[in-house]
2 protein chains.
Amino acid sequence: MTLDDIETPAVLLDRERVERNLQKAQAYADSHGLKLRPHIKTHKLPHLAARQVELGACGITCQKLGEAEIMADAGLSDILLTFNIVGPAKLRRLKALAERVTLAVTADSAATIDGYAGTFRAEAPLTVFVECDTGMGRCGVPTADEALALAQRIDAAEGLHFGGLMTFPAAGKPDEAARWLDEACRKLKTAGLDVPVVTSGGTPDMWRAHEAEVVTEYRPGTYIYMDRSQVARDACTFDECALHVLATVVSAPTPDRVVLDAGSKTLSSDTLGLEGFGFIPAYPEARIASLSEEHGVVDVSACERRPAIGDRIEIVPNHACVVTNLFDEVHFVGSNGHVERVRVAARGRVD
Amino acid sequence: MTLDDIETPAVLLDRERVERNLQKAQAYADSHGLKLRPHIKTHKLPHLAARQVELGACGITCQKLGEAEIMADAGLSDILLTFNIVGPAKLRRLKALAERVTLAVTADSAATIDGYAGTFRAEAPLTVFVECDTGMGRCGVPTADEALALAQRIDAAEGLHFGGLMTFPAAGKPDEAARWLDEACRKLKTAGLDVPVVTSGGTPDMWRAHEAEVVTEYRPGTYIYMDRSQVARDACTFDECALHVLATVVSAPTPDRVVLDAGSKTLSSDTLGLEGFGFIPAYPEARIASLSEEHGVVDVSACERRPAIGDRIEIVPNHACVVTNLFDEVHFVGSNGHVERVRVAARGRVD
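Residues numbered from 1 in each chain as written. Chains lettered and ligands numbered in written order. Predicted model: local features only at pLDDT ≥ 70, side-chain atom pairs only at ≥ 80, totals over all residues.

Explain the domain arrangement of chain A to me, and be specific about the residues and the numbers.
All names here are of chain A. Here chain A is partitioned into domain 1 (3-9 + 235-343) and domain 2 (15-225). The centre of domain 1, based on its C-alpha atoms, is set 33 Å off from the matching centre of domain 2. On the side of domain 2, 17 residues touch domain 1, which itself brings 13 residues to the contact. At the level of elements, helix H10 (320-324) and strand E15 (329-333) are the ones that each hand at least two residues to the side of domain 1 that touches domain 2. Counting residues per element, the side of domain 1 that touches domain 2 draws most heavily on H10, at three residues. (Domains from an automatic or database assignment. Contact = placed C-beta atoms within 7 Å. Helix = DSSP H or I, 4+ residues; strand = E, 2+ residues; numbered from the N terminus.)

Here it is, written out as structure tokens:
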């Protein structure tokens, strides 16, 4: 199969760029004594998770039980599930998963910890991290004192083992997160609690991860593919973006406008604070101005030349992770032009 | 299966509301002598497409070949494909589809028409509509003169049959669309061309469809489920919204904030011009303030009471169509509480 055989819209993955991105991040982590625990949400592909581990990752990160189950099925054996697992059905699945892989999970409330404690026994304890809100304003305890209280609650539960502190920091504010975690670690240690692991994440600030001495483990996700939002945040260049959406020009109704067969069902509506919905390397002045589900409207008024109906063009999306969730299959393109189609095994695992 | 057996996040469909929405729209169309050709992108379910036809629809609308193929497989026999079909691989699929259903398609350029003309023969001609840009600024010829030129090109092609004019009008501007179509019809008729069908669409303005006498056929999509954006545009009330997303509160880190296990992978990032990412009927003052892929952050500062960790709540999403594309399965809930899980057969048909 070659590029010409691919119908659009489709996801193309540059095999060499993927490998280079993986190696670069692992080398960075190794050189700073950081453990790497990649978030598989970006690719949702077991063979890439296995490659991440082969290159030196200490394990993988998943956000959904369903994604973790797919990875466990494929032989991945060390998983951190960075989500509050709540309710009897999910706790049963968590227990079953813990019986076949080395599993850790997070909590940011007594209620969630009590759910874990009621499910696990001392013979086979569950490792639980306390999730800390170091500035993101999503999940996580808002103060170091609350982190201490929850760590103590985990430590006191027979079936649980305190794993350490976990955060997903606000983008662009790794220093703030480091100060928060420093204070929390001091409090926990003063209270006699060991903090085995402090885990942080996020691709935008990953190349500064070593500046926070308190952090022992890092969980980047997007770094494997990169995207337009990461370029905007100086985490990479467009030449490092491994995921492109291949689209066809299906309409050119005015001199200033062409329409692609890639809309929000392909690129998603994520802007991540950017203007427009993707970058077209072959037409850098073009602006993907609006999306319907199946149409991408491109303003080509600033372009010297414009693509014609039937032309196929590649798009760097704003956000790679959400794009892979929209496709049943992706296409790996080798430097020899050979194309391999791969099913996205953990796509659509919403629960 | 009952509601309690459903793991979150999940899509719930109120079976009675679905049926009422279908009947109301068909009765409206019938009372005004309008043909109804529902767009199946909203539900992507063959059994609902069949029900739409059973109630009186003249056929269905699809936007993707892949969706049309799934519908044809299920026995739907009259399909309008409102998309420019471009390129040899897709034209082959179009030909194969035309051999098993009554098919019509659209074009807004000579290049697209020539692709059809090169594929179809006089013995089994393809019906082609001219897509008109009546104000939306997406696909479609921008002037009535261009509509005439393309209609003549279709009419002159041996393997093609001119089907009429098609538009997807700008929301809130049906009058503008009607004036555009009136002028185009006059020009075509003056030139000796019959215009068998004039087809328009869009749920927001569907209850005004009869005001445009030029329109003979209407293609609403969202009306079957309705959503928050349609309430905002006065096309329905929240009591008519048949699609809800069931989510669980997984975190309550501050008095003002709870976090749901429904993020952009569940609700999508579509705002459709609205503030926030959905409406929670049980907590009408709550505001779904931001989404990550797996988290929905809800501002509950204006609520008298707030949900607790483990509570399950229902959300009316901004945009129903994109939500059904994110789920492999949806759940139909009957008035007796019985739940039936159904696979979304045409989900993810991106091409």
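From this point, things continue past the structure.
Describe the sheet that holds strand E2 (residues 35-36) of chain B, with residues and values.
Residues and elements named next belong to chain B. The eight strands lie next to each other as E2-E9-E8-E7-E6-E5-E4-E3, forming an open sheet whose pairing is parallel. Only two strands of the sheet have a single partner each, and these edge strands are E2 and strand E3 (60-62). Pairing of strand E4 (residues 78-84) with strand E5 (residues 102-107), which is carried by five bridges, proceeds in the parallel orientation. Along E5, the bridge assignment pairs Asp78 with Thr102. (Pairing = 2+ DSSP bridges.)

Could you give an account of the relation of the copies chain B and chain A, naming the residues involved and the relevant values?
Mapping chain B onto chain A calls for a screw motion: a turn of 180 degrees about the axis and a shift of 0.0 Å along it, with 0.0 Å RMSD after fitting. What the rotation and shift describe, once combined, is the action of a two-fold rotation axis. Residues of chain B ranked by C-alpha distance from the rotation axis are headed by B:Ser269, positioned 2.7 Å from it. Here 100% of the contact residues of chain B are again contact residues in chain A; the copies associate through an equivalent surface. (Least-squares fit on C-alpha atoms with pLDDT ≥ 70 in both.)

Explain the nonpolar core to me, using residue names and the numbers behind them.
Residues A:Met71 and B:Met71 are the most contacted members of the largest nonpolar core, which totals 226 residues. When neighbours within four sequence positions are excluded, A:Met71 is seen to be in contact with A:Ile40, A:Pro46, A:Ala49, A:Ile60, A:Cys62, A:Leu76, A:Ile79 and A:Ala346. (Core = buried A, V, L, I, M, F, W, Y, C linked by C-beta atoms within 7 Å. Buried ≥ 20, exposed ≤ 12 C-beta atoms within 10 Å, placed from the backbone.)

Hey, could you go over helix H3 (residues 65-73) of chain A for me, with residue numbers and the actual values?
All names here are of chain A. Every buried residue of H3 is accounted for by Leu65, Glu67, Ala68, Ile70, Met71 and Ala72. Contacts made by the buried residues of H3 are with helix H2 (46-54), strand E3 (60-62), strand E4 (78-84) and helix H4 (88-98). Looking at the residues trailing H3, positive phi occurs at Gly75, about 105 degrees.

Go over the interface of chain B and chain A with me, naming the residues and quoting the values.
Many descriptions give the size of an interface as the accessible area lost when the pieces come together. Taken residue by residue, the interface counts 50 residues in chain B and 50 residues in chain A. Contributing elements (two or more residues each) for the side of chain B that touches chain A: E4, helix H4 (88-98), helix H5 (110-117), strand E10 (243-254), helix H9 (264-267) and helix H10 (320-324) of chain B.

Describe the packing of H3(A) against H4(A), listing the residues and the values that go with them.
All names here are of chain A. Interhelical geometry of H3 versus H4 gives an angle of 25 degrees and a closest axis separation of 11 Å. One element, H3, and the other, H4, form an angle in the roughly parallel class. Handedness of the crossing formed by H3 with H4: left-handed. On H4, the residues that touch Leu65, Ala68, Glu69 and Ala72 of H3 are Lys90, Arg93, Leu94 and Leu97. Grouping the constituent residues of the contact of H3 with H4 by class yields five nonpolar, no polar and three charged. (Axes fitted to C-alpha atoms, helices over the stretch in contact; angles between N-to-C directions. Parallel < 35°, antiparallel > 145°, perpendicular 65-115°, else oblique. Left-handed = near helix turned anticlockwise from the far one by under 90°. Nonpolar A, V, L, I, M, F, W, Y, C, P; charged D, E, K, R; others polar.)

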